[in-house]
Amino acid sequence: MTATERFFCADAARIRGDSIAGTAPHGSVWVLIEYRGGWPPNGFDGLDLDPATKARVFSAAQAVRARVLLVRRHGRRRTEGPGRWAVLRHENSGAHRQQWGTWSGDEDLAQIVGALDAPGELGCPPVVLVCTHGQHDTCCAVRGRPVGRALSERWPDVVWECTHVGGDRFAANVVVVPDGVYYGGLDAPSSVTAVEEHLADRIHAEHLRGYTDLFPPQQAALAAVLERFGPAGRHDYVIAATSRINNHRWLIRVIGRPPSSRAFDVEVRAHRTAPYQLTCRGPATSSAVVHRVVSIRTG
């Protein structure tokens, strides 16, 4: 690359062939705050809000390891009235719960603290988040905004653009919450297909970064099962056992729920890549941990 050429981390990742499976950040609770103005590079942390309210929200979210994301409709579409906030939760049982509210003044955001302790409602439709946080990483805007436009045109009521979700080099990134499913490497056509299939409870291995209630080796194992045996519903497979053989090898047992009840023993190995510049704004190179499946045996 010459001095006049601009570096794009997502382009570089595709040229290298970076592995996408097993790269979803762990978590099961999300806090969404609609913010129609410009997003600071560090998202919620960078907003000029009442310090006491901001500290309360941050502390409550941190206590349950919730991820706080700023959201807005595509193109900063102007809407009347107050902004919205939400707490979305994926439970171990597979149940999804949501609680929504509105805010006009900073102090209204204190409602989020109570919502993080409340059970929330069952039966709400999932929320589709598209990372378009250009102030954090250029590729998130360049690749994310066309995806946000395409998905918003198809599902205007459930799609939101959002701040940084992790994995800039896999832009465009889409997260379905509170399902807790990450997709990456998307463009406008593939994003519509992925979300359409997801909403029909058919999750494909292609573009799947992982499920956020699983850890990276487990995510990679499940993605390999989906790749080999075809798409499945969000809860059609469970991780029955995870055995760590050594520091870089795992044996993971994946079992299908009835009526299939198929079982697979998946061996996953991890290794570190050579140092690369992994983000557009990253000043230094760093390596990434890659989880690869080396065998799948029917149990």
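Our subject is the structure that appears above.
Computed from a predicted structure; not experimentally measured. (Residues numbered from 1 in each chain as written. Predicted model: local features only at pLDDT ≥ 70, side-chain atom pairs only at ≥ 80, totals over all residues. Heavy atoms only, no water.)

1. Section: the side chain of Arg-209
Following the sequence through the fold, Arg-209 ends up in strand S9 (residues 208-211). A distance of 2.6 Å separates a polar side-chain atom of Arg-209 from the backbone oxygen of Thr-23. (Helix = DSSP H or I, 4+ residues; strand = E, 2+ residues; numbered from the N terminus. Polar contact = N/O pair within 3.5 Å; in protein donor to acceptor, adjacent residues only side chain to side chain.)

2. Brief notes about the layout of surface pockets
Gaps between atoms show up when a probe of the same size as a water molecule is rolled over them. What the largest pocket holds in volume is close to 500 Å³. Within the residue set of the lining of the largest pocket, elements represented by two or more residues are helix H1 (9-16), helix H6 (216-229) and strand S13 (289-298). The dominant element in the lining of the largest pocket, judged by the number of residues it contributes, is H6, at 5 residues. Per-class residue counts for the lining of the largest pocket are 12 nonpolar, 6 polar and 7 charged. (1 Å grid on protein atoms, 1.4 Å probe; cavity = no way out; pocket = protein on both sides within 12 Å on 5 of 7 lines; lining within 4 Å. Points joined across faces, edges and corners; volume = space filled by probe spheres on them. Nonpolar A, V, L, I, M, F, W, Y, C, P; charged D, E, K, R; others polar.)

3. Brief notes about the pattern of salt bridges
One pass over the structure, following the stated rule, counts 12 salt bridges. Note that Arg-154 and Glu-196 form a salt bridge whose closest N and O atoms lie 2.5 Å from each other. Here Arg-154, found in helix H4 (residues 138-154), pairs with Glu-196, found in helix H5 (residues 188-199); they are 42 residues apart in sequence, far enough to count as distant. Owing to a relative accessible area of 41%, Arg-154 belongs among the partly exposed residues under this scheme. (Salt bridge = Lys/Arg side-chain N within 4 Å of Asp/Glu carboxyl O. Buried < 20%, exposed > 50% of the residue type's maximum accessible area, 1.4 Å probe, protein only.)

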